[in-house]
Amino acid sequence: MTMIGATVVGLVFTHAIQAAAFSGVPFRRPPPAVAARSKPEGRVGRSAIPSFASPIDADADDGDALSRRDAAFRMATMTASAVGATSFSPSDAVAEEDGGGRLIEFTVENLDGEPGSTGSFVVKTRPEWAPLGAERFEALVESSFFDQCRIFRVLPGFVAQFGINGDPQVQAKWRSQNLRDDPVKVSNKRGTVVFATGGPNTRTTQLFVNLNDRNSFLDKQGFSPLGEVVSGMDVVERFYSGYGEGAPSGKGPNQGLIQAKGNSYLEASYPKLSYFSKVSFK
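Definitions and cut-offs
- Per chain, residues are indexed from 1 in the order of the written sequence.
- It should be noted that, the model being predicted, local features are given only for residues of pLDDT at least 70 and side-chain atom pairs only at 80 or more, the latter also being counted only at that level, while totals for whole chains, interfaces and linings use all residues.
- Only hydrogens and water are removed before side-chain values are computed, so all heavy atoms of the structure are retained for them.
- Relative accessibility decides the category of a residue: with a 1.4 Å probe and only protein chains considered, values under 20% of the type maximum give buried, values over 50% give exposed, and everything between is partly exposed.
- What counts as a helix is a DSSP run of H or I of at least four residues, what counts as a strand is a run of E of at least two, and both are numbered from the N terminus.
- Pairing between two strands is assigned when DSSP locates at least 2 bridges connecting them.
- When checking whether two residues touch, look at their non-hydrogen atoms; a contact exists if any pair is within 4.5 Å.
- The span one expects for a helix is its residue count, reduced by one, times 1.5 Å.

Visitor: Looking at this structure, I do not really get the pairing of strand β2 (residues 119-125). What am I missing?
Guide: On any regular strand, side chains alternate: one points to one face of the sheet, the next to the other face. Of all 7 residues that make up β2, 6 are buried, and the element is covered over most of its length. With 6 bridges joining them, strand β1 (residues 103-109) and β2 adopt antiparallel strand pairing. By the bridge assignment, I104 is partnered in β2 with V123. Two strands pair when backbone bridges link them, and β2 and strand β7 (residues 225-231) are joined in this way by 4 bridges, in the antiparallel orientation.

Given below as structure tokens:
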């Protein structure tokens, strides 16, 4: 393998490790023979590289999960083929005007996992970036959906994920309300707010905040920022992260159990999780 080829494989492998966390599927290191074939003209088994997506429905059937991994591999290999040729560059033509976005204040409890430790941050929606995503996000805020929601997955230097309602009956109403994808117009940079997905056109309620400027590999996977943290990023950095990655690849919360049991499960098993006591328009 050439030095460039080895570098490409290394990049794809690194991205797979990071993004496997979105999938709820344990990361499996591809064997050397598989890694050597990780280029556009090669075919790789479905389990070689897990999905870059984040399933909204953690109990998706095996067929869905496998097809997502296939799609993820195709995207990964396309990313690899682009290395050294043309790199993705989000549109620089961001509208100069306000774009009609709204300011949303999140009041957070249990910062650093400490009861009584409170702070707040403000997100501005950017409809000019992702009109459908911004509209859905604002609708969820309008309905008080995020009040009492736990930030159930915090990976320092990567993402902080939230958006499963603490009441399973409320969450169930949204599970089939899939949203069409917005084209990616700006990059996944630190502070941007993005819907998690389980594949094309599957956005519902789960979102994440990017915690660094090195997540641009998510751009090619279709993760379209819909807004950004405009104040209080220091508060976001204090979301409790001690539980690590979620089940089954880590010891953190199981998304399926959150969907089924809500906050009663999280409060009993993961009491230090930071959570939103109030989310409202400013």
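After presenting the structure, the write-up continues.
Visitor: Would you mind going over unusual backbone geometry with me for this structure?
Guide: Glycine aside, a negative phi is what most residues show, and trans is what most peptide bonds show. Residue P248 follows A247 across a cis peptide bond; omega there is 5 degrees. Mapped onto the secondary structure, P248 falls in the loop between α6 (233-236) and α7 (255-261). With a phi angle near 65 degrees, N110 is a residue other than glycine that sits in the positive phi range. Looking at the secondary structure, you find N110 in the loop between β1 and β2. Even without glycine at this site, D112 takes up a positive phi of about 60 degrees.

Visitor: Just checking my understanding: could you explain the side chain of N215 for this structure?
Guide: Inspection of the secondary structure assignment puts N215 in the loop between β6 (207-210) and β7. Aside from chain neighbours lying at most four places away, what touches N215 is F158, V159, N188 and N210.

Visitor: Help me understand helix α4 (residues 131-142), please; the structure alone is not making it clear to me.
Guide: Taking 1.5 Å per residue as the helical rise, α4 with its 12 residues ought to reach 16 Å, and the 16 Å between its terminal C-alpha atoms agrees with that figure. Following α4 by one or two positions, S144 has its phi on the positive side, about 60 degrees.

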